[in-house]
Amino acid sequence: MGGLVTREQAAAFVSNYGQTWERWDIDGFVELFSEDVVYVAHATDETVVGRPALSAYVEKEKSEQGAVRVRMGVPVIDADRVVAEFWVNSREQPATTVAGCLIARLAPPGICDRFREYWFDIEGDIEAFAGWGE
């Protein structure tokens, strides 16, 4: 895939990624990705290939994470690549925070075909540090 993606399309991907995650809009989330997406969920977690597998993965994450508040950092965009931090606070008990980063390769009109993310799980409901997401 790959190709020319506008900055607006790349920024929209990041925004929509965060919004669909926070709402657990699984169909909307999966539509951000190509039919044959390769989605690497943390280097030690799992790799899913294709929209059906991605949908099942996100459904599992929904049951594990419960209600969440998702914040996305300002995306760094270079050609067909976009990188952005995310900060996620669980609304469930016990409170947990996930701080991480995503790397996505996009094709017009901003659909992701290759994706990976890295994160840290933090105990408690922690606010982002000064300068986070810039």
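Residues numbered from 1 in each chain as written. Predicted model: local features only at pLDDT ≥ 70, side-chain atom pairs only at ≥ 80, totals over all residues. Heavy atoms only, no water.

Topic: the overall build of the chain
In step 1: When helices and strands are counted, the chain shows three helices and seven strands.
In step 2: Starting at the N terminus and walking to the C terminus, you meet the elements of the chain as α-α-β-β-α-β-β-β-β-β.
In step 3: For the chain, whose C-alpha radius of gyration is 14 Å, the value lies close to the compact-globule estimate of 14 Å for 134 residues.
In step 4: Looking at the chain residue by residue over its 134 residues, the buried ones come to 44%. (Helix = DSSP H or I, 4+ residues; strand = E, 2+ residues; numbered from the N terminus. Rg over C-alpha atoms; globule rule 2.2 N^0.38 Å. Buried < 20%, exposed > 50% of the residue type's maximum accessible area, 1.4 Å probe, protein only.)

Overview of the packing of aromatic side chains
In step 1: According to the stated counting rule, one finds 14 aromatic pairs in the structure shown.
In step 2: Note on tyrosine 17 and tryptophan 21: the rings are 5.8 Å apart at their centroids and 80° apart in plane angle, and the pair reads as edge-to-face. With tyrosine 17 and tryptophan 21 both in helix H1 (residues 7-23) and four residues apart, this pair spans about one turn of that helix. Accessibility classification places tyrosine 17 together with tryptophan 21 in one group, the buried group. (Phe/Tyr/Trp six-rings, centres within 6.5 Å; stacked < 30°, edge-to-face > 60°.)

Here we look at the pairing of strand S2 (residues 46-49)
Consecutive side chains of a regular strand alternate in pointing toward one face of the sheet and then the other.
In step 1: Strand direction decides the pairing type here: strand S1 (residues 33-41) and S2, joined by four bridges, are antiparallel. When the bridges of S2 are listed, valine 38 appears paired with valine 49. (Pairing = 2+ DSSP bridges.)

Focus: the pattern of salt bridges
In step 1: Inspection of the entire model under this criterion finds nine salt bridges.
In step 2: With its nearest N and O atoms 2.9 Å apart, the salt bridge here joins arginine 51 to glutamate 35. Note that arginine 51 is positioned in helix H3 (residues 51-65) and glutamate 35 in strand S1, a separation of 16 residues in sequence.
In step 3: Its salt-bridge partner being arginine 69, residue glutamate 127 comes within 3.7 Å of it at the nearest N-O pair. Highlighted residues: glutamate 127 in the segment after strand S7 (111-123) and arginine 69 in strand S3 (residues 68-72), separated in sequence by 58 residues. (Salt bridge = Lys/Arg side-chain N within 4 Å of Asp/Glu carboxyl O.)

A look at the nonpolar core
In step 1: Residues Phe13, Tyr17, Phe33, Tyr39, Leu54 and Phe115 are the most contacted members of the largest nonpolar core, which totals 33 residues.
In step 2: Broken down by element, this core gets its largest block of residues, five residues, from H1. (Core = buried A, V, L, I, M, F, W, Y, C linked by side-chain atoms within 4.5 Å.)

Digging into H1
In step 1: A rise of 1.5 Å per residue sets the reference length of H1, with its 17 residues, at 24 Å; its end C-alpha atoms lie 24 Å apart and thus fit the reference within 8%.
In step 2: Where H1 ends, the next residue or the one after it, tryptophan 24, has phi of about 50°, a positive value. (Expected span 1.5 Å × (residues − 1).)

Nothing here speaks to function; it is geometry throughout.
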